[in-house]
Amino acid sequence: MSYLFLFNVIFYLSLASTLGAIVFSLRKGILRSDLKFIQVILFISFTADLLIGVTTDLFHIHVPYIGSTYRILELIIILEFYLNIFNSRYNRAIVRSLQVLLPFLFFFVLKFEATPIRITNSVLFSIYSISYFRKMMLEMNVPNPIMDPLFWANSAVLLYFSGVLFLFLFFEPLAKVNEASAVISYMFHNILLVLKNVLFAVGFWKNRYVKAI
Amino acid sequence: MESEASNILVLLIVGTSVMLLLAGSIVFFVIYYQKRMLQNKIATQELESGYQKQLLLTTIDSQEKERKRIASDLHDGVGAMLSAAKLNLNMLKSGAIPKEELAEALGETKDMIDETIETVRRISKDLLPSSLEVFGLSKAVQELCEKLDNPKTHVEYEVKGEEVTLTRQQELLIYRMIQELVNNALKHAEASVINVDISWNDPLTVTVQDDGKGFNPDEIRGDIKRGVGLYSIENRASLIGGEVFFESQPGAGATINITIKNDHEPD
């Protein structure tokens with residue numbers, strides 16, 4: 001079994017996990033407003049990955065900028081998710097500035113280069129998710145974290161974005177010297193993507209459970 | 001080329017593992033911390049509800065005791081005097097008393113009615129000292145100390161500073177705290193001297209000191225039944241933004257300080 005085959009298996013597994021998480025988010029009931037941002041980013045992620053999969057595997061063509069565009073949308077939407085959680089004037093100013101400034105930088109200065117935006121997202125969302133846990137511990141208004149949908153969503157964000165930070169940092173240098181190692185390392189990214197989607201699905205599940213109570 | 005790739009790979013693996021380990025630790029720590037805090041919260045709530053229940057029971061009990069005491073005062077004092085006075089009046093009306101004893105019988109009846117009036121006045125004063133309403137806290141506490149002073153236990157009162165105006169509720173709560181502390185010293189401490197000091201400076205400070213057998217405040221607090229008295233004083237003080245400090249140890253008397261900021265409005 002070649003590593004490329006294994007890479008494809010894990011890639012489609014991550015695609016299936018994204019679809020699974022979307023299905024969980026669409027179950028009967030009212031989805032809380034903050035989780036709707038996660039639902040939207042999952043839709044975009046699924047569409048982008050599906051597009052990459054179809055164009056690469058069926059038509060053997062590479063459509064440029066899909067990954068970079070997805071990362072910019074991810075930046076804007078997840079920042080909106082955190083604005084919903086930390087709705088202070090101070091955070092609003094930070095989020096709005098980042099939502100304007102960073103895409104501008106990526107479009108016009110970095111010319112759609114994927115690595116800087118991936119690293120920025122990783123650092124930014126790791127900090128935001130840790131801030132959420134800090135807020136949770138200070139305010140003590142979540143009696144049982146396991147029952148809290150936001151706890152699962154934040155765990156997904158923290159584990160995924162902190163886990164992929166070093167992958168994104170070293171992916172390009174590794175690809176330059178050894179392509180096979182780079183592909184294998186990206187497989188690990190897809191495994192973390194599966195983990196993220198599973199945790200998001202648990203969050204959506206808990207959202208329903210909380211409503212049912 | 002190969003060694004460069006393996007170096008980068010090692011860095012990547014180590015970095016990712018460390019990051020994942022850190023992230024996982026944060027998630028588990030949050031779960032552990034929240035659960036522990038929840039347990040602590042539940043334990044505190046249980047303790048508080050136990051204390052509140054005990055406080056309620058003690059309040060009901062003390063109300064019942066007070067009612068019994070008033071009923072007994074009314075029955076044995078006022079009731080008995082009025083019955084005797086009525087009997088005398090009936091005898092006077094029916095002419096059962098010889099003429100030569102008439103003046104003496106009338107005098108006796110008048111004395112009985114006077115004594116009844118005095119008893120009613122005393123009961124009323126015990127319930128709410130009129131001096132508190134008319135002359136204020138300082139005078140009422142002075143009267144209380146004079147009333148409770150006896151050959152076995154001297155109750156001394158000292159006042160410092162110029163009396164400030166307090167609300168009626170504040171005055172009553174401070175008066176009740178002093179009353180309870182002096183009564184405790186008389187009943188439980190077997191003290192020979194009790195000093196009551198009020199310092200009207202800001203913060204207003206009330207000190208009740210005795211040379212009795214003392215107690216261990218921490219031990220008393222640990223026992224819900226015995227600690228209710230202390231909690232009740234703390235509770236009253238907190239209603240007017242005050243703080244209570246208990247200083248005592250077995251065999252060394254007790255000093256209880258209550259400090260209240262003058263600008264505090266009662267809750």
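Chain B is annotated in an unreviewed UniProt entry as Oxygen sensor histidine kinase NreB of Fulvivirga marina. Under the heading Cofactor (unreviewed entry), UniProt records this for chain B: "[4Fe-4S] cluster". According to the UniProt record, the Catalytic activity (unreviewed entry) comment for chain B reads "ATP + protein L-histidine = ADP + protein N-phospho-L-histidine."

**What about the pattern of salt bridges?**
A complete count under the given rule lists 11 salt bridges over all chains for this structure. A salt bridge links R71 of chain A to E74 of chain A; the shortest N-O distance between them is 3.1 Å. Remark: E74 of chain A and R71 of chain A occur in helix α3 (residues 66–85); sequence separation between them is three residues, near one turn of the helix. The exposure class assigned to E74 of chain A is buried, which follows from its relative accessible area of 0%. As a salt-bridge pair, R67 of chain B and E64 of chain B come within 3.1 Å of each other at their nearest N and O atoms. A residue pair is termed a helical-turn pair when its members lie 3 or 4 positions apart in one helix, as R67 of chain B and E64 of chain B do in helix α1 (residues 2–94) at three residues. Classification of E64 of chain B as partly exposed rests on a relative accessible area of 36%. Within the structure, one salt-bridge network assembled from shared partners comprises R69, D73 and R122 of chain B.

**Some thoughts on the environment of R122 of chain B**
When you line up the elements, R122 of chain B lands in helix α2 (residues 99–127). The spatial distance from the C-alpha of R122 of chain B to the C-alpha of K147 of chain B is 11 Å, given a sequence separation of 25 residues.

**Points about the packing of α3 of chain A against helix α5 (residues 114–139) of chain A**
All names here are of chain A. Two elements in contact, α3 and α5, have axes whose closest approach is 10 Å; the angle formed by their N-to-C orientations is 15 degrees. Here α5 runs roughly parallel to α3, going by the angle between their axes. Two packed elements cross with a definite hand, and for α3 against α5 that hand is left-handed. Within the contact between the two elements, α3 uses S68, R71, I72, E74, L75, I78, L79, Y82 and I85 and α5 uses A114, I117, R118, N121, L124, F125, Y128, S129, Y132 and K135. Looking at the contact of α3 with α5, its residues break down into 12 nonpolar, three polar and four charged.

**Brief notes about a negative patch on the surface**
All names here are of chain B. Together, E100, E101, E104, E108, D111 and E115 give the surface a local cluster of negative charge. Position of E115 relative to the elements: it lies in helix α2. Take E115: its relative accessible area is 43%, and that puts it in the partly exposed class.

**What about the packing of aromatic side chains?**
Taken as a whole and assessed by the stated rule, the structure comprises 20 aromatic pairs over all chains. An aromatic cluster of three or more residues is present, and its members are F81, Y82, F86, F125, Y128, Y160 and F161 of chain A.

**So, the sheet that holds strand β5 (residues 254–260) of chain B**
Residues and elements named next belong to chain B. Here five strands make up an open sheet; going across it, the order is β1-β2-β3-β5-β4 and the pairing mixed. Whereas interior strands pair on both sides, the edge strands pair on one side only; in this sheet they are β1 (154–160) and β4 (242–248). Each strand axis lies, on average, 10 degrees off the axis of its neighbour in the sheet, ignoring direction. By the bridge criterion, six bridges tie strand β2 (residues 193–199) to strand β3 (residues 204–210) in an arrangement that is antiparallel.

**Considering a nonpolar patch on the surface**
Together, L50, V54, L58, F59, I61 and V63 of chain A line one region of the surface with nonpolar side chains, adding up to about 520 Å² of accessible area. Positionally, V54 of chain A belongs in helix α2 (residues 33–58).

What counts and how
One numbering rule holds for all chains: residues counted from 1, following each sequence as written. Whichever chain is written first is A, and whichever ligand is written first is 1; the rest continue in order. For this predicted model, a pLDDT threshold of at least 70 governs which residues receive local features, and a threshold of 80 or more governs which side-chain atom pairs are given and counted, while totals over whole chains, interfaces and linings are taken from all residues. Working from all heavy atoms in the structure, the side-chain values ignore hydrogens and water. UniProt positions are given in the numbering used here, feature names are shortened, and annotations may be inferred rather than shown by experiment. Salt bridges are defined as contacts in which a side-chain nitrogen from Lys or Arg sits within 4 Å of a carboxyl oxygen from Asp or Glu. Numbering of helices and strands starts at the N terminus; helices are DSSP runs of H or I of at least 4 residues and strands are runs of E of at least 2. When a residue's accessible area, from a 1.4 Å probe over protein chains only, is under 20% of the maximum for its type it is buried; when over 50% it is exposed; and in between it is partly exposed. Angular values range over 0 to 180 degrees, each being the angle between N-to-C directions of two axes fitted as lines to C-alpha atoms, with helices fitted over their stretch in contact. Angles below 35 degrees are treated as roughly parallel, those above 145 as roughly antiparallel, those between 65 and 115 as roughly perpendicular, and all remaining angles as oblique. Should the near helix be turned anticlockwise from the far one by less than a right angle, the crossing is termed left-handed; should it be turned clockwise, right-handed. When checking whether two residues touch, look at their non-hydrogen atoms; a contact exists if any pair is within 4.5 Å. Classes in brief: Ala, Val, Leu, Ile, Met, Phe, Trp, Tyr, Cys and Pro nonpolar; Asp, Glu, Lys and Arg charged; the others, Gly included, polar. Residues enter a patch when their relative accessible area is above 30% and they make no salt bridge; the linking distance is 9 Å between like charges and 5 Å between nonpolar side chains (Val, Leu, Ile, Met, Phe, Trp, Tyr). Areas reported as accessible are Shrake-Rupley estimates using a 1.4 Å probe. Residue values count occlusion only from the protein chains shown. None of His or the chain ends enter the tally, which takes Lys and Arg as positive and Asp and Glu as negative. Charge coordinates come from a single atom per side chain, which is NZ of Lys, CZ of Arg, CG of Asp or CD of Glu. Pairing of aromatic side chains here covers Phe, Tyr and the six-membered ring of Trp, requires ring centres within 6.5 Å, and sorts the geometry by plane angle: under 30 degrees stacked, over 60 edge-to-face, intermediate tilted. A pair of strands is treated as paired once DSSP finds two or more bridges between them.

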